[in-house]
Amino acid sequence: TTRSLFLLPGDGIGPETMAEVAKLIDHMNAKEGAGFVTDQGLVGGSAYDAHGEAISDADMDKAMAADAVLFGAVGGPKWDDVPYEQRPEAGLLRLRKDMALFANLRPAICYPALADASSLKRDVIEGLDILIVRELTGGVYFGEPKEITDLGNGQKRGVDTQVYDTFEIERIAGVAFELARTRSNKVCSMEKRNVMKSGVLWNEVVTATHAAHYADVELTHMLADAGGMQLVRWPKQFDVIVTDNLFGDMLSDVAAMLTGSLGMLPSASLGAPDPATGKRKALYEPVHGSAPDIAGKGIANPIAMIASFAMCLRYSFAMIDEAVRIEAAVAKVLDDGLRTGDIMGDGARPVSTAEMGDAIVAA
Ligand code: NAI
Ligand code: MG
């Protein structure tokens, strides 16, 4: 088998962390015949410098054709003044839109070695392993009308509109239930049906999808504000959380901070299965940005990018054993005391980006 990966390292620390994933890919090809075929393109500011747009049509075509896309990070002060349509983030937004990546997966996992780095008590987060599934292409971020109107009396009105159709809720619920079956088989759906019509529909459609196709999975519902509270109070009660674009944006950031540094957090964004092949388009990226303050110094934490690659193995290639081994290797090097600057604690040994990557490959 060949497995095609399209690498978009981007700007700032993106290329530095992607280089550590490239080591893993080379290792898996050489030692295990993994058959990865990689190609690389430009995105963000580096693409703008090369050809005046945040991603070229040619690179877009390659992203659409690949089995999976690995994305580093984009942006930086150098491009603060480029025109809005060409700004670095436009490259990521085009990828999400053209690949129709409607499901955003954000795990929150507590590595035992870092349990004391959280602001929460150790027993609240030790062993934590939850997954937030956020709807990414609908809801209030995209609904029309979306405008600021002048009311003519010195007042203006800002309007955003939350819109969800049945099919959008069905497909994100389907992703959440499918994922739950590979984990602890529990889904908690979060909305605000007490004050929002779209929340009433969300609740109805998730319930109906569950009854029709996924009755084996345990389903609960929670109002999203209460869900935020429960995430901080006792996060281990959850397995998979499924929610809309806006609540998912906030709840996934809350869940992220349960476990520590931005430099540790991976994500996946998935599209619908191709009717012919059953394969989903997919993009994997760390949650963090291009970290201009530390770019070029060789000190960025590569774990978020490496953990994103582990998600890629799991979700795009069903290489579960390999994903588990990478995640175990990350846990091991942390147990051994290796730390990049962002996750330093007492008695830890500071290492470079490359040393951390090498240690994970070796483990
Ligand atoms: P950021 O995530 O780049 O950095 C925030 C802080 O966390 C910085 O102090 C940084 O040094 C640290 N940090 C982040 N990742 C790290 C890692 N792997 N290892 C060690 N430390 C790490 O967010 P910020 O500073 O708000 O944005 C910087 C640039 O990145 C901006 O141009 C922004 O637009 C862009 N950005 C891009 C994203 C993407 O490509 N998906 C997401 C977020 C921001
Ligand atoms: Mg956010």
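What you see is a predicted model; the values in this text were computed from it and never measured.

Asker: Requested: an account of the sheet that holds strand 12 (residues 280–286), with residues and values cited.
Answerer: Sheet strands line up and pair through hydrogen bonds in the backbone, either parallel or antiparallel. Spatial ordering of the open sheet is given by 2-1-3-12-11-4-5-10-8-9, a layout of 10 strands whose pairing is mixed. Sheet topology places strand 2 (36–40) and strand 9 (218–223) at the edges, where each strand pairs with a single neighbour. If you compare each strand with its neighbour and ignore which way they point, the axes differ by 20° on average. Pairing of strand 1 (residues 3–10) with strand 3 (residues 68–73), which is carried by five bridges, proceeds in the parallel orientation. Counterpart to Leu8 in the pairing with strand 3 is Phe71.

Asker: How would you sum up the site of ligand 1? Please name residues and give values.
Answerer: Around ligand 1 sit 21 residues in total, of which Gly75, Gly263, His288, Gly289 and Asn301 are the nearest. When grouped by side-chain class, the residues that make up the shell around ligand 1 number 10 nonpolar, eight polar and three charged.

Asker: Describe in detail the UniProt feature "site: Important for catalysis" (unreviewed entry) in the chain, supporting the description with residues and values.
Answerer: The sites that carry the UniProt feature "site: Important for catalysis" (unreviewed entry) are, in the present numbering, Tyr141 and Lys192. With near-sequence residues (within four places) excluded, Tyr141 lies in contact with Asn245 and Leu246. Locating Lys192 in the fold gives a position in the loop between strand 8 (186–191) and helix 7 (197–213). Judged by local crowding, Lys192 falls into the buried class, with 20 C-beta atoms found within 10 Å. Those residues within four positions of Lys192 in sequence are excluded, and the remaining contacts are Gly199, Leu223 and Ala224.

Asker: Help me get a handle on the UniProt feature "binding site: Mg(2+)" (unreviewed entry) in the chain, residues and values and all.
Answerer: What UniProt calls "binding site: Mg(2+)" (unreviewed entry) maps, in this numbering, to Asp225, Asp249 and Asp253. The greatest C-alpha distance among the residues just named is 13.9 Å, despite their covering 29 residues of sequence, which places them together in space. Position of Asp225 among the secondary structure elements: in helix 8 (residues 224–233). Along the polypeptide, Asp253 turns up in helix 9 (residues 245–258).

Asker: So what's going on with the environment of Ala58? Which residues, and what values?
Answerer: Mapped onto the elements of the fold, Ala58 is located in helix 3 (residues 57–65). Here Ala58 falls in the exposed class, since 11 other C-beta atoms lie within 10 Å of it. Residues Ala58 and Gly41 lie 17 residues apart in sequence; the distance between their C-alpha atoms is 9.0 Å.

Asker: Pulling in residues and values, what's your account of the domain arrangement of the chain?
Answerer: Looking at the assigned domains, one finds that the chain contains domain 1 (1–103 + 265–363) and domain 2 (129–258). In this structure, domain 1 and domain 2 have C-alpha centres spaced 26 Å apart. Taken together, the contacts link 10 residues of domain 1 with eight residues of domain 2. No other element matches the three residues that strand 11 (residues 266–273) contributes to the side of domain 1 that touches domain 2. For the side of domain 1 that touches domain 2, a count of residues per class yields eight nonpolar, one polar and one charged.

Asker: Outline unusual backbone geometry, listing residues and values.
Answerer: Here Glu144 and Pro145 are connected by a cis peptide whose omega angle stands at 0°. Within the secondary structure, Pro145 sits in strand 6 (residues 143–150). A positive phi angle, close to 65°, is found at Asn185, a residue other than glycine. As for its placement among the helices and strands, Asn185 is situated in the loop between helix 6 (166–181) and strand 8. The class for Asn185 is partly exposed, based on 14 C-beta atoms found within 10 Å. Its identity is not glycine, yet Ala291 carries a phi of approximately 45°, on the positive side. Within the fold, Ala291 resides in the loop between strand 12 and helix 10 (303–316).

Asker: Could you give an account of the pairing of strand 2, with specific residues and numbers?
Answerer: Summarising the sheet, strand 1 and strand 2 pair through five bridges and their orientation is parallel. Bridge pairing in strand 2 places Leu5 opposite Thr38. A crossover connection joins strand 1 to the parallel strand 2 through helix 1 (residues 14–32); in handedness this β-α-β unit is right-handed.

Asker: Go over the packing of helix 8 against helix 9, please, and point to the residues and values.
Answerer: Between helix 8 and helix 9, the least distance of the axes is 10 Å, while the angle of their chain directions is 10°. The angle between helix 8 and helix 9 places the two elements in the roughly parallel class. Across from Ala224, Gly227, Gly228, Leu231 and Val232 in helix 8, the residues of helix 9 making contact are Phe247, Leu251, Val254 and Ala255. Each residue belonging to the contact of helix 8 with helix 9 can be placed in one class, and the counts come to seven nonpolar, two polar and no charged.

Calculation criteria
Residues numbered from 1 in each chain as written. Chains lettered and ligands numbered in written order. Predicted model: local features only at pLDDT ≥ 70, side-chain atom pairs only at ≥ 80, totals over all residues. Pairing = 2+ DSSP bridges. Helix = DSSP H or I, 4+ residues; strand = E, 2+ residues; numbered from the N terminus. Axes fitted to C-alpha atoms, helices over the stretch in contact; angles between N-to-C directions. Near = placed C-beta within 6 Å. Nonpolar A, V, L, I, M, F, W, Y, C, P; charged D, E, K, R; others polar. UniProt positions renumbered as here; feature names shortened; annotations may be inferred. Contact = placed C-beta atoms within 7 Å. Buried ≥ 20, exposed ≤ 12 C-beta atoms within 10 Å, placed from the backbone. Domains from an automatic or database assignment. Right-handed = clockwise from strand over helix to strand, strands pointing away. Parallel < 35°, antiparallel > 145°, perpendicular 65-115°, else oblique.

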